[in-house]
Amino acid sequence: MSTESHILVVDDDPDIAKAARLLLERHGMRVSTAASPEEAWVLLAGEPVDVILLDLNFARGRTTGEEGFAMLDRLIAGDARAVVIVVTGHSGIAVAVRAMRSGATDFVIKPWNNERLLTTVERGLALRRAKLETAATPRVPDGILLGESPGIGRARDLIARVAPTAAPILVHGTAGTGKTLIARLIHQASAHAHLPLVTLDAEAADAAVIATQTAAAAGGMLVIDHIDRLPRAFHGVLLAALDGIRVVATTRLDRAGLRAAIGEDLLDRVGTIEIALPPLVDRTGDALLLARHFLALFAYRHGKPNRPLGDDAAHAIATERWPDNVRGLRQTMERAVLLGNGEAYAIADFRLSPDMAELQSLAPDLSLARNEETLITAALERHAFNVSRAAAQLGLTRAALYRRMARYGL
Ligand SMILES: Nc1ncnc2c1ncn2[C@@H]1O[C@H](COP(=O)(O)OP(=O)(O)OP(=O)(O)O)[C@@H](O)[C@H]1O
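Residues numbered from 1 in each chain as written. Predicted model: local features only at pLDDT ≥ 70, side-chain atom pairs only at ≥ 80, totals over all residues.

**Q** Just checking my understanding: could you explain the site of the ligand for this structure?
**A** Close to the ligand lie 18 residues, the nearest being L146, G178, K179, T180 and V326. Those elements that provide at least two residues to the shell around the ligand are α7 (179–188) and α13 (325–339). For the shell around the ligand, the residue count by class is eight nonpolar, six polar and four charged. In terms of domain composition, the shell around the ligand takes at least three residues from each of domain 2 (150–278) and domain 3 (285–350). (Near = placed C-beta within 6 Å. Helix = DSSP H or I, 4+ residues; strand = E, 2+ residues; numbered from the N terminus. Nonpolar A, V, L, I, M, F, W, Y, C, P; charged D, E, K, R; others polar. Domains from an automatic or database assignment.)

The following block contains the structure:
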């Protein structure tokens, strides 16, 4: 078997994962292991995998395999060329059948016979090669919606339910929360996936641009980016041009703000289903998961080693406010991959502020004014003197920040 073949073993039992790894490595395959679906997603984002051996029962003692099934569904939905072999316990024939119906290629029952496992994996590799050869479009390695928080779960669920229908969808969330990515995923899961995705940048739109883009999207789907920024004079023009077009609109405003910006008629036309993306600070656990994903992705893309993340740095990433949400985090991780050095990534590689507890232990200066001045200066420098962003990070209004800047002569 070719040394290029890369197998991912997803199993929370380290002994089983090790046994599989040793067996497959002995037969010339490269093997990665993941103890949970979260770890597996990070690995999958970083490099291509030919065959995935997926254990269906994660938490010990659980036998329904729902966690494994959820991963299987996402794998198959995300890449039609994925080859997934499920691994189930002894009583798991019914589970294996259900998995095959959900798109698994094959199954193995634990405890397995080595020869059987090897033959099954080799069959999986042959299928993978056939799928790659016949695939019409290259895989987009960077388009996965990551996150395990309830907000992202809801978004994923809504996409699965409404993307294949003709319903207009409004995606809202603050800067960099993933609205454009969601629009792309809706298009991929829609009946118009075979047509090109046409986008209208509302801010730059005039009657001529509206006419061109709606004509290009006729009978298909149009993404209206930042719809709230459409000049008032063109609201009616756009509304009239949307006949027969599936619309996905994005905005940083909430529904009330959007109503004020575009009026009731246009809102009625585009806002049937809403997908609300929470800011990253409200998605507990996701910042770290995304950070690991982007570190692996950019290490792979730039040919750099995928270094481990130090505990302090992981804590700082998880507690950072990320004013530009996923976009800001993604850029920070790419910079760290390109510029960082050392065995593991440390806080300095991300230019994050240590959290308040660490700050106090580093500077036992209890003068509130002096500390306030230091914090404000640090926030301003960090955001290149962009007052809005510095104020957001400090939890102040812009006016309150200006007052303090005046007080300290900044
Ligand atoms: N949940 C996610 N998982 C993986 N990547 C993500 C996720 N959310 C966003 N991204 C990535 O972060 C970057 C910023 O996302 P995107 O451009 O979709 O944000 P946006 O909300 O449209 O921003 P803006 O308000 O500025 O238009 C993109 O590279 C996108 O692929």
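Anyway, onward from the coordinates.
**Q** How do you make sense of the sheet that holds strand β3 (residues 51–55) when you look at a structure like this?
**A** One key point about sheets: their strands pair by backbone hydrogen bonds, in either a parallel or an antiparallel sense. Pairing within the open sheet is parallel, and its five strands lie in the order β2-β1-β3-β4-β5. Only two strands of the sheet have a single partner each, and these edge strands are β2 (30–34) and β5 (106–109). For this sheet the average axis-to-axis angle between neighbouring strands, irrespective of direction, equals 20 degrees. Relative to β3, strand β1 (residues 6–10) is paired through four bridges, and the arrangement is parallel. Residue L8 lies in a different strand from β3, and its bridge partner there is I52. (Pairing = 2+ DSSP bridges. Axes fitted to C-alpha atoms, helices over the stretch in contact; angles between N-to-C directions.)

**Q** Teacher, can you tell me more about the nonpolar core here?
**A** Across soluble globular proteins, nonpolar side chains show a tendency to be buried alongside one another. The biggest cluster of nonpolar side chains holds 59 residues, and the ones touching the most others in it are I52, L53, L54, V84, V86 and L295. For this core, the element with the highest residue contribution is helix α11 (residues 286–301), accounting for 10 residues. Each of two domains, domain 1 (6–134) and domain 3 (285–350), supplies a minimum of three residues to this core. For V84, the residues in contact, after removing those within four places along its chain, are I52, L54, L72, L75, A104 and T105. Core analysis: the next-biggest nonpolar cluster, separate from the first, contains 34 residues, A202, I210, I262 and L277 among them. (Core = buried A, V, L, I, M, F, W, Y, C linked by C-beta atoms within 7 Å. Buried ≥ 20, exposed ≤ 12 C-beta atoms within 10 Å, placed from the backbone. Contact = placed C-beta atoms within 7 Å.)

**Q** Just to check I follow, could you spell out α13 for this structure?
**A** What sets the pattern is the α-helix's 3.6 residues per turn: residues three or four places apart point alike. In this model α13 runs 21 Å from its N-terminal to its C-terminal C-alpha over 15 residues, within 8% of the 21 Å that 1.5 Å per residue would give. All of the buried residues in α13 are N325, V326, L329, T332, M333, A336 and V337. The arc that holds the buried residues of α13, viewed along the axis, is 135 degrees, so those residues lie on one side. For α13, exposure combined with an orientation more than 90 degrees from the buried face picks out L338 and L339. For α13, the elements touching its buried residues are α11 and α14 (347–350). (Expected span 1.5 Å × (residues − 1). Arc of directions from axis to C-beta.)

**Q** Could you clarify how one ought to interpret the sheet that holds strand β8 (residues 221–225) in this entry?
**A** Spatially, β7-β8-β9-β6-β10 is the arrangement adopted by the five strands of the open sheet, whose pairing is parallel. Only two strands of the sheet have a single neighbouring strand rather than two, namely β7 (198–201) and β10 (273–276). Adjacent strand axes in the sheet meet at a mean angle of 20 degrees, parallel and antiparallel pairs treated alike. Across four bridges, β8 lies against strand β9 (residues 246–251) in parallel orientation. If you follow I224 over to β9, its bridge partner there is A249.

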